[in-house]
Amino acid sequence: MTSIAANLQAVRRRIERAAREAGRAPDGVQLIAVSKTWPAERVAEAHACGQRAFGENQVQEGVEKIGRLTHLAIEWHFIGPIQSNKTRPISEHFQWVHSVEREKVAVRLDDARPAHLPPLDVCIQVNVSGEGSKSGVEPGQEAELARIIAGLPRLRLRGLMAIPEPTADRRLQRQRFALLRDAKDRLAAAGYALDTLSMGMSDDFEAAILEGATMVRVGTAIFGQRQKA
Ligand SMILES: *Cc1c(COP(=O)(O)O)cnc(C)c1O
């Protein structure tokens with residue numbers, strides 16, 4: 001068995017175990033394999049092991065990889081920071097965008113979504129770590145952006161995403177993920193039909209699943225340690 005095959009199996013087992021501990025069905029947690037920095041061949045290898053959803057955080061790298069793998073049925077997720085002048089290739093090539101954090105980007109993604117494709121599935125990124133992180137809207141501000149996205153016909157608001165600062169403290173991990181779940185519950189109470197909580201990475205996805213994650217974004221535990229940029 002290749003290491004990617006073994007790693008995928010181990011990650012799927014960890015997901016199952018955490019879901020069981022949370023009293024949830026394991027298939028309620030979708031695994032997004034984060035393939036950033038890894039070549040298309042590694043993606044194809046993971047695809048051959050049954051993995052179907054992949055995440056990229058850089059536009060050019062992602063679009064190139066997508067172009068090399070059009071023969072495979074893959075759901076592509078954009079999970080990185082978005083400059084408003086890079087929205088068109090994202091809208092044209094990805095099915096999901098997890099990292100929408102401002103109106104201008106939402107409007108431009110909507111504008112650029114090709115008519116022959118279904119609406120782009122999006123999440124609003126929320127900053128659940130306070131000062132330590134500058135990405136995402138502040139908790140409590142997501143409703144304003146949700147209202148704007150709901151008015152954009154080529155976007156479909158699916159939920160919220162967060163990238164908490166790394167910590168080995170399990171209690172703190174769960175507290176931050178709980179903040180995102182609370183934010184989603186507030187939006188649900190305000191009438192938004194949301195089904196997605198994108199939270200949890202290689203080192204903390206069990207805590208995220210215990211707090212309700214429906215998508216975990218896992219890179220290192222599947223593909224190995226990335227080279228430092
Ligand atoms: C890189 C990245 C991940 C995966 O991180 P790992 O620690 O390698 O699992 C998840 N989400 C986002 C937004 C990322 O940029």
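Note that this is a predicted model, so its numbers are computed, not measured.

Draft legend 1. Spatial organisation of the packing of helix α6 (residues 142-150) against helix α7 (residues 170-189). Two numbers describe how α6 lies on α7: the axes approach to 10 Å, and their chain directions differ by 50°. By the angle between their directions, the pair α6 and α7 is classed as oblique. The handedness of the crossing between α6 and α7 is right-handed. Contacts from Glu142, Ala143 and Ala146 of α6 reach α7 at Ala183, Arg186 and Leu187. Across the contact of α6 with α7, the residue classes tally to four nonpolar, no polar and two charged.

Draft legend 2. Structural context of the layout of surface pockets. For the largest pocket, the calculated volume is near 590 Å³. Considering the residues around the largest pocket, the lining is formed by 26 residues, among which Lys36, Ile163, Met201, Arg217 and Arg226 are closest to the centre. Reported here for the second largest pocket is a volume of approximately 250 Å³. Grouping the constituent residues of the lining of the second largest pocket by class yields eight nonpolar, three polar and two charged.

Draft legend 3. Expanded view of the site of the ligand. Val34, Lys36, Ile79, Ile163, Met201, Ser202, Arg217, Val218, Gly219, Thr220 and Arg226 make up every residue found near the ligand. The backbone of Gly219 places a nitrogen or oxygen atom 2.8 Å from an oxygen atom of the ligand. In this structure, Thr220 approaches the ligand through a side-chain N or O atom, which is 2.5 Å from an oxygen atom. The protein chains hide 91% of the 390 Å² of surface that the ligand would expose on its own. Using a 2 Å cut-off from the grid points, one finds that the ligand occupies the largest pocket. Of the residues belonging to the shell around the ligand, the class tally is five nonpolar, three polar and three charged.

Draft legend 4. Spatial organisation of the side chain of Gln51. On the secondary structure map, Gln51 appears in the loop between α2 (40-48) and β2 (53-56). Within the structure, the side chain of Gln51 is placed 2.9 Å from the backbone oxygen of Ala53, a separation counted as a polar contact. Beyond its immediate sequence surroundings of up to four residues, Gln51 is in contact with Leu8, Arg12, Leu31, Ile32, Ala33 and Ala46.

Draft legend 5. Quick peek at the environment of Ile32. Position of Ile32 relative to the elements: it lies in strand β1 (residues 30-34). Between the C-alpha atoms of Ile32 and Phe177, which are 145 residues apart in sequence, the distance is 17 Å. Apart from the residues lying within four places of it in its own chain, the contact partners of Ile32 are Gln51, Ala53, Phe54, Gly55, His77, Met215, Val216, Arg217 and Val218.

Draft legend 6. Region of interest: the nonpolar core. With 59 residues, the main nonpolar core has Val97, Ile124, Ile149, Ile209, Val216 and Ile222 as its most contacted residues. Considering each element in turn, this core owes the most residues, six residues, to helix α1 (residues 3-21). For Ile222, the residues in contact, after removing those within four places along its chain, are Ile4, Asn7, Leu8, Val11, Leu31 and Ala33. Ile32, Trp96, Cys123 and Met215 belong to the second-largest nonpolar core, a separate cluster that totals six residues.

Draft legend 7. Region of interest: unusual backbone geometry. With a phi close to 75°, Thr37 is a non-glycine residue in the positive phi region. One can find Thr37 in the loop between β1 and α2. With relative accessibility at 46%, the residue Thr37 sits in the partly exposed group.

Draft legend 8. Seen up close, the pairing of strand β3 (residues 75-78). Bridge count between β2 and β3: four bridges; the pairing is parallel. Looking across to β3, one finds that Gly55 is bridged to His77. Pairing of β3 with strand β4 (residues 96-100) involves two bridges; the strand directions are parallel. Following the sheet pairing, His77 is matched in β4 by Trp96. The handedness of the β3 to β4 crossover, carried by helix α4 (residues 87-93), is right-handed.

Draft legend 9. Main features of α6. Buried within α6 are the following residues: Glu142, Leu145, Ala146, Ile148 and Ile149. Buried residues in α6, looked at end-on, bunch into an arc of 160°, giving them a common side. In this fold, the buried residues of α6 make contact with β4, α5 (103-112), β5 (120-125), β6 (155-161) and α7.

Scoring rules and cut-offs
- Residues numbered from 1 in each chain as written.
- Predicted model: local features only at pLDDT ≥ 70, side-chain atom pairs only at ≥ 80, totals over all residues.
- Heavy atoms only, no water.
- Axes fitted to C-alpha atoms, helices over the stretch in contact; angles between N-to-C directions.
- Helix = DSSP H or I, 4+ residues; strand = E, 2+ residues; numbered from the N terminus.
- Parallel < 35°, antiparallel > 145°, perpendicular 65-115°, else oblique.
- Left-handed = near helix turned anticlockwise from the far one by under 90°.
- Contact = heavy atoms within 4.5 Å.
- Nonpolar A, V, L, I, M, F, W, Y, C, P; charged D, E, K, R; others polar.
- 1 Å grid on protein atoms, 1.4 Å probe; cavity = no way out; pocket = protein on both sides within 12 Å on 5 of 7 lines; lining within 4 Å.
- Points joined across faces, edges and corners; volume = space filled by probe spheres on them.
- Near = heavy atom within 4 Å.
- Polar contact = N/O pair within 3.5 Å; in protein donor to acceptor, adjacent residues only side chain to side chain.
- Areas by Shrake-Rupley, 256 points an atom, 1.4 Å probe, with all protein chains shown as cover.
- Sits in = over half its atoms within 2 Å of the grid points.
- Core = buried A, V, L, I, M, F, W, Y, C linked by side-chain atoms within 4.5 Å.
- Buried < 20%, exposed > 50% of the residue type's maximum accessible area, 1.4 Å probe, protein only.
- Pairing = 2+ DSSP bridges.
- Right-handed = clockwise from strand over helix to strand, strands pointing away.
- Arc of directions from axis to C-beta.

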